[in-house]
Amino acid sequence: MSTAPAAPFGRLLTAMATAFKEDGSVDLDATARIAAHLVDNGNDGVVVSGTTGEAPTTTVAEDAQILAAVKDAVGDRASVIAGVGTNSTAHSIELAQNAAKIGVDGILLVTPYYNKPSQAGVQQHFAQVTASSDLRVMLYDVPGRAGITISEETYAKAIQDERVVAVKDAYGDMVRATRLTDMGYAVYSGDDPATLSFLAHGAVGLVSVVGHVAGTEIKQMMETFLAGDHVGALTIFRRLMPAFDAVMGVPNYGATTAKAALQLLGVLDNRTVRGPLVALDDAEHEALREGLAAAGLI
């Protein structure tokens, strides 16, 4: 009998890209098409307006339009999580309240980046944004982008609010991840290649980037592991390694590689990103294609 831990938002979520037209404006139809593609291919949910969605470059009005388009496309078939984390508490509260009006399933709340607040400031930020709506909260710990981490003391305080249920962990300390599960957090790996390690330490799932192109395969890998067939899961992992390397293992990765992968699949007709990101050049695009092909994905 499976003893897999409960996953409040589903087992596999993808931090989805936001589609733009070639002039840089938001393409809501294409963004909805991405969401439908993800749900049709193994994803239990989508995370909207995160880093991969280029949230630092979109306006409050655009964020609401994007979220509504995704919610309409997905309906009740999958969880929709709204990225509301910014380095301004008031701005994050506004985004959380807008997300609640649209009727999503939860919010993703990253540590405030660049400002480098103390842990007291981080805890206050989390508490105020969490209190601004009734939505369930997934915290996001990504020191490589934010410049700070969440201390275990702050985690312990945050989860005293029943709305705080999960964390996307891109910190990468597996022992700490186990301690977070002991606190009551549903831990999601925030790094595709680390997924099996996280699952072995009590995590419930993954917030993916490679899920744009390998959702079905990643979902199968996790389900195989959680069913107790660790050798079988590792076999799938090895097959996917060229895709992990191609999407995540290059300096210019994230929205850039996700959109280029979707273009290769025919989901998008361009790979336009907003500055300061730059779209993959022809050599990078070919390297991505080769990696996905080596993994049997295209």
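Quick caveat: nothing in here was measured; it's all calculated off a predicted structure. (Residues numbered from 1 in each chain as written. Predicted model: local features only at pLDDT ≥ 70, side-chain atom pairs only at ≥ 80, totals over all residues. Heavy atoms only, no water.)

With respect to the overall build of the protein chain
Turning to step 1, where the next piece is worked out: Across its full length, the protein chain holds 12 helices and eight strands.
Turning to step 2, where the next piece is worked out: The globule rule puts the C-alpha radius of gyration for 298 residues at 19 Å, and the 18 Å found for the protein chain is close to it.
Turning to step 3, where the next piece is worked out: Taken over the C-alpha atoms alone, the protein chain extends approximately 50 × 45 × 35 Å along its principal axes.
Turning to step 4, where the next piece is worked out: Put simply, the protein chain has 298 residues, and 54% of those count as buried.
Turning to step 5, where the next piece is worked out: A fraction of 69% describes how many contacts in the protein chain between residues 6 or more apart in sequence connect residues 24 or more apart.
Turning to step 6, where the next piece is worked out: Within the structure as shown, the protein chain displays about 12,000 Å² of accessible surface, and the carbon and sulfur contribution to it stands at 51%.
Turning to step 7, where the next piece is worked out: Each charge sign in the protein chain was given a centre, from 21 positive and 34 negative side chains, and these centres are 2 Å apart. (Helix = DSSP H or I, 4+ residues; strand = E, 2+ residues; numbered from the N terminus. Rg over C-alpha atoms; globule rule 2.2 N^0.38 Å. Buried < 20%, exposed > 50% of the residue type's maximum accessible area, 1.4 Å probe, protein only. Contact = heavy atoms within 4.5 Å. Areas by Shrake-Rupley, 256 points an atom, 1.4 Å probe, with all protein chains shown as cover. Lys, Arg positive; Asp, Glu negative; His and termini not counted. Charge placed at Lys NZ, Arg CZ, Asp CG, Glu CD.)

Re the UniProt feature "binding site: pyruvate" (unreviewed entry) in the protein chain
Turning to step 1, where the next piece is worked out: Per the UniProt record, the feature "binding site: pyruvate" (unreviewed entry) sits at Thr-52 and Val-207. In sequence the annotated residues extend across 156 residues, while in space they remain close, none of their C-alpha pairs exceeding 11.1 Å.
Turning to step 2, where the next piece is worked out: Note that Thr-52 resides in the loop between strand S2 (45-48) and helix H2 (60-74).
Turning to step 3, where the next piece is worked out: Tracing the chain through its elements places Val-207 in strand S8 (residues 205-208).
Turning to step 4, where the next piece is worked out: For Val-207, the residues in contact, after removing those within four places along its chain, are Leu-13, Ala-15, Val-47, Met-138, Lys-168, Tyr-188, Ser-189 and Gly-190. (UniProt positions renumbered as here; feature names shortened; annotations may be inferred.)

A look at unusual backbone geometry
Turning to step 1, where the next piece is worked out: The residue after Gly-275, namely Pro-276, is reached through a cis peptide bond having omega 20 degrees.
Turning to step 2, where the next piece is worked out: Relative to the elements of secondary structure, Pro-276 occurs in the loop between helix H11 (255-265) and helix H12 (282-294).
Turning to step 3, where the next piece is worked out: Phi at Tyr-114 takes a positive value of approximately 75 degrees, unusual for a residue other than glycine.
Turning to step 4, where the next piece is worked out: Along the chain, Tyr-114 turns up in the loop between strand S4 (106-110) and helix H4 (119-131).

Brief notes about the packing of aromatic side chains
Turning to step 1, where the next piece is worked out: Inspection of every chain in the model, using the stated rule, returns two aromatic pairs.
Turning to step 2, where the next piece is worked out: Where Tyr-155 meets Tyr-185, the ring centres are 5.2 Å apart and the plane angle is 80 degrees; that geometry is what we call edge-to-face. With Tyr-155 in helix H6 (residues 152-158) and Tyr-185 in the loop between helix H7 (174-183) and strand S7 (186-189), the pair connects residues that are 30 residues apart, well separated along the chain. Grouping residues by exposure puts Tyr-155 and Tyr-185 together as buried.
Turning to step 3, where the next piece is worked out: Relative to Phe-244, the ring of Phe-237 has its centre 5.5 Å away and its plane inclined at 45 degrees; by these criteria the two rings are tilted.
Turning to step 4, where the next piece is worked out: Accessibility expressed as a relative area gives 3% for Phe-244, which makes it buried. (Phe/Tyr/Trp six-rings, centres within 6.5 Å; stacked < 30°, edge-to-face > 60°.)

Some points on the sheet that holds strand S1 (residues 12-15)
Turning to step 1, where the next piece is worked out: The eight strands lie next to each other as S1-S2-S3-S4-S5-S6-S7-S8, forming a closed barrel whose pairing is parallel. The average angle at which neighbouring strand axes cross in this sheet is 25 degrees, direction not considered.
Turning to step 2, where the next piece is worked out: The pairing of S4 with strand S5 (residues 136-141) spans five bridges and is parallel. In the strand pairing of S5, Ile-107 is matched with Val-137. (Pairing = 2+ DSSP bridges. Axes fitted to C-alpha atoms, helices over the stretch in contact; angles between N-to-C directions.)

Notes on the UniProt feature "site: Part of a proton relay during catalysis" (unreviewed entry) in the protein chain
Turning to step 1, where the next piece is worked out: UniProt feature "site: Part of a proton relay during catalysis" (unreviewed entry): in the numbering of this structure it lies at Thr-51 and Tyr-114. Taken along the chain, the residues just named run across 64 residues; in space they keep tight, none of their C-alpha pairs more than 14.3 Å apart.
Turning to step 2, where the next piece is worked out: Following the sequence through the fold, Thr-51 ends up in the loop between S2 and H2.
Turning to step 3, where the next piece is worked out: What makes Thr-51 partly exposed here is its relative accessible area of 35%.
Turning to step 4, where the next piece is worked out: A relative accessible area of 76% places Tyr-114 in the exposed class.
Turning to step 5, where the next piece is worked out: With sequence-adjacent residues up to four places away left out, Tyr-114 is seen in contact with Asn-87 and Ala-146.

Some words on the pattern of salt bridges
Opposite charge on two side chains permits pairing when their charged atoms draw close.
Turning to step 1, where the next piece is worked out: Summed over the entire model, instances satisfying the criterion amount to 11 salt bridges.
Turning to step 2, where the next piece is worked out: Across the salt bridge formed by Asp-40 and Arg-77, the nearest N and O atoms sit 2.8 Å from each other. Pair noted here: Asp-40 is in helix H1 (residues 28-40) and Arg-77 is in the loop between H2 and strand S3 (79-83), with a separation of 37 residues, a long-range link.
Turning to step 3, where the next piece is worked out: For Arg-176, the salt bridge is made with Asp-141, and the minimal N-O distance between the two is 2.8 Å. A residue pair is termed long-range when its members are at least 10 positions apart, and Arg-176 in helix H7 and Asp-141 in strand S5 qualify at 35 residues. (Salt bridge = Lys/Arg side-chain N within 4 Å of Asp/Glu carboxyl O.)

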